[in-house]
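Understanding the architecture of this molecule
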Amino acid sequence: MEISNSTGFLLQTILFLANHQYNNSLINLIQNRTLSAESNATTGELSVPEDVRCYGVYGCFPITYPWIDEKRPVAYHPQSPTQVDVRYPVFVKSHTFHPNYIELNEPAKVRRLGIHPKGRIYFITHGYIESGDRPWIQQMVHALLDNDPDQTATCIVIDWRKASNPPYTQTCANIRLIGAITAHVIYMLYVELGMRDLDRVHLLGHSLGSHLCGYTGYYLQKDFGLQLGRITGLDPAEPLFSDTDPLVRLDRSDAKFVDIVHSDASEWVSKGGLGMYQPIGHVDFYPNGGYNQPGCNDPMTKFIRKHDESFFWGFQEFFGCNHLRCHQFFTDSVVHRCPFVGIGCESYAKFRQGECFECDRDGHYCIEFGLGARDSYTRLVENGIIVNQQAPLSVYMITGEEPPYCRSHYRVMLRVSDADESLIHGGEIGKMSLELHGQANRRSGRMDFSQDPVYFEPGQNYSAIMAGADVGVPLKAMLSWGYRTNPLNPLTWRLLASPRVYVQEMVIQLLEARTSVRFCPLNQLPVLADADNELRSDYC
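Residues numbered from 1 in each chain as written. Predicted model: local features only at pLDDT ≥ 70, side-chain atom pairs only at ≥ 80, totals over all residues. Heavy atoms only, no water.

For the rest of this paragraph, the subject is the sheet that holds strand β13 (residues 393–397). Pairing is mixed in the open sheet, where eleven strands are placed in the order β4-β3-β6-β5-β7-β8-β9-β10-β13-β11-β12. This sheet does not close on itself; its edge strands, each paired only once, are β4 (95–101) and β12 (366–368). Strand-to-strand, the axes of this sheet are offset by a mean angle of 25 degrees, without reference to chain direction. Pairing of strand β3 (residues 89–92) with β4, which is carried by three bridges, proceeds in the antiparallel orientation. Following the sheet pairing, Val 90 is matched in β4 by Asn 100. (Pairing = 2+ DSSP bridges. Helix = DSSP H or I, 4+ residues; strand = E, 2+ residues; numbered from the N terminus. Axes fitted to C-alpha atoms, helices over the stretch in contact; angles between N-to-C directions.)

Below is the structure:
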């Protein structure tokens, strides 16, 4: 069953209105019409908090505190297992395109699905108004199966499309039951396949699916005394979950390792961000600060062309671009295997200022993004570098605008000479940019020193954090700058002398390689405006 275009379009209309700060009454009107249109799929009747709804082996689902409080003023009970109708297609290397399905009532059949009991088992799930056959899920399945080092991995999709329809509050209730059902499925695999533990079971959920994974981890511990190896929350949904009790949302107690990718963490009310900013895992990754992802301000036509001229899917990705980037980053890290590392810091602002660029010093831990995050974190703990495991670890990194999204990080310190020639010439204003060159003609791409023009003054040091393609240890740097003149500022007038900056040296620190390189211009020649100026280590 495909998602109806009208339902998806309506969701994006709501998001569009929220993002553009239109009148809330209009948004409410659209939501009310959505509820009316979906009346055949759900009762739409407000649940009574004193009631408790039970569904056999899956347990009972109250909606008293903390399920209802000032953050969640409206609550529903989950619909029945028949209504949510969750499916579990199983993908293994031999059945990548035509999966078999787990039969909940026939446990013994899971032995014939090709699941390797000692291999990695990934559960992947979608979010609100989505389905298990979305292209991003198919891409993630292929990436995980094709790049599994042991070639024994299994991917199981949690497809709950029939329970993901509006109203949103009903969907939030449904994922509680789906989490309980999924816990029983995992326990069934554990028993039938003779698994020793769940250390190699990894759940990945997008948006509301993140919290669904959290409920699964909770019920596995509560009902069976088993703990999941890992949960990855891909931009966990913010509305009705941010700043709530840990029982209500995904949290670090739901698995042995919980990592979060925040990509649309702008405030929901004012800016329409769909994801949480609150750190809730062992490690919380904030690519590009956790919002306003590069490339998401491109024209809509680019997104439509990306989806083979499909207006609907292009339109949906255009308005949900930041929210979707999280799983694109994760899949990209599996496929390309290029350096994808973040560093712990007190804030994104301090990260961009270069205050947290020393790996594993002063609480600034370098953590690998993607599948390697758990091993990276575990090594830091085992080596005694991370002492307080209860403290939240917020990790920041910069990505590119399109695949491959991974970038190497560079802290650049540029020193302007205080020699007589530089002092006599004086300062200059402009925008500096840099490109690093490595072996085999590898190039970082052009990286800007700053967004705005900078006044480069003799005897001063200037620092910036940059990100570009991986070049290994750079062999040379091509430095250029665009001169900017202002008729109202005499400091920018250059009537008799050509614009130039007397760069004494440039020290480049490589985060991923944990080393630094020093470059200088040939014979201390000045860096001329609007030209590529070559700097090398042997010129120093």
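Right, let's get into unusual backbone geometry. Each neighbour pair has its own omega, and for Tyr 65 with Pro 66 the value is 10 degrees, a cis peptide bond. The linkage connecting Pro 166 with the following residue, Pro 167, adopts the cis geometry, with an omega of 5 degrees. A positive phi angle, close to 60 degrees, is found at Asp 243, a residue other than glycine. Locating Asp 243 in the fold gives a position in the loop between β8 (228–234) and β9 (255–261).

The geometry of helix α4 (residues 135–146) relative to helix α10 (residues 321–336) is characterised by a closest axis approach of 9 Å and an angle of 25 degrees between their N-to-C directions. The angle between α4 and α10 places the two elements in the roughly parallel class. You can see that α4 and α10 cross each other, and the crossing is left-handed. Here Trp 136, Gln 139, Met 140, Ala 143 and Leu 144 of α4 lie close against α10, whose contacting residues are His 327, Phe 330, Thr 331, Val 334 and Val 335. (Parallel < 35°, antiparallel > 145°, perpendicular 65-115°, else oblique. Left-handed = near helix turned anticlockwise from the far one by under 90°. Contact = heavy atoms within 4.5 Å.)

The biggest cluster of nonpolar side chains holds 58 residues, and the ones touching the most others in it are Ile 102 and Phe 123. For this core, the secondary-structure elements that each account for two or more residues are β3, β5 (121–125), β6 (154–158), α5 (168–192), β7 (201–206), α6 (208–224), β8 and β9. With twelve residues, α5 is the largest single contributor of residues to this core. Beyond its immediate stretch of four places on either side in the chain, Ile 102 contacts Tyr 88, Val 90, Val 110, Leu 113, Ile 156, Val 185, Met 188 and Leu 189. The next biggest cluster of nonpolar side chains, apart from the first, holds 36 residues, and it includes Ile 137, Ala 153, Phe 329 and Tyr 365. (Core = buried A, V, L, I, M, F, W, Y, C linked by side-chain atoms within 4.5 Å. Buried < 20%, exposed > 50% of the residue type's maximum accessible area, 1.4 Å probe, protein only.)

Time to look at α5. Taking 1.5 Å of rise per residue, 25 residues should cover 36 Å, and α5 covers 36 Å from first to last C-alpha, within 8% of that figure. By the criterion of burial, α5 is predominantly enclosed, with 21 of the 25 residues buried. Phi turns positive, to about 65 degrees, at Gly 194, one or two residues after α5. (Expected span 1.5 Å × (residues − 1).)

Evaluated as defined, the whole model comprises 23 salt bridges. Asp 148 is the salt-bridge partner of Arg 120, the closest N and O atoms lying 3.0 Å from each other. Remark: Asp 148 occurs in the loop between α4 and β6 and Arg 120 occurs in the loop between β4 and β5; sequence separation between them is 28 residues. A residue is classified by how much of its surface remains accessible, and Arg 120, at 22% relative accessible area, is partly exposed. In this structure, Glu 435 and Arg 443 form a salt bridge, with 3.9 Å as the shortest nitrogen-oxygen distance. Residues participating in the shared-partner salt-bridge network are Arg 120, Asp 148, Asp 150 and Arg 200. (Salt bridge = Lys/Arg side-chain N within 4 Å of Asp/Glu carboxyl O.)

Before going further, it helps to examine the pairing of β13. Taking burial as the measure, the five residues of β13 include five buried ones, the bulk of the element. Alternating positions in β13 separate into two faces, Leu 393, Val 395 and Met 397 on one and Ser 394 and Tyr 396 on the other, with burial throughout. Sheet topology note: the strand β10 (residues 283–287)/β13 ladder contains five bridges and is parallel. Across the sheet, Asp 284 pairs through a bridge with Ser 394, a residue of β13. Summarising the sheet, strand β11 (residues 341–344) and β13 pair through two bridges and their orientation is antiparallel. What sits directly across from Ile 343, in β13, is Tyr 396.

Another point: the state of the cysteines. Summed over the entire model, instances satisfying the criterion amount to six disulfides. Residue pairing for Cys 296: its cysteine sulfur links by disulfide to Cys 321, the two sulfurs lying 2.0 Å apart. One disulfide, between Cys 296 and Cys 321, carries an S-S torsion of -75 degrees and so falls in the left-handed class. Pair noted here: Cys 296 is in the loop between β10 and α8 (300–306) and Cys 321 is in helix α10, with a separation of 25 residues, a long-range link. Overall, the relative accessible area of 8% leaves Cys 296 in the buried class. Here Cys 338 is linked by a disulfide to Cys 406, with a sulfur-sulfur distance of 1.5 Å. (Disulfide = S-S within 2.5 Å.)

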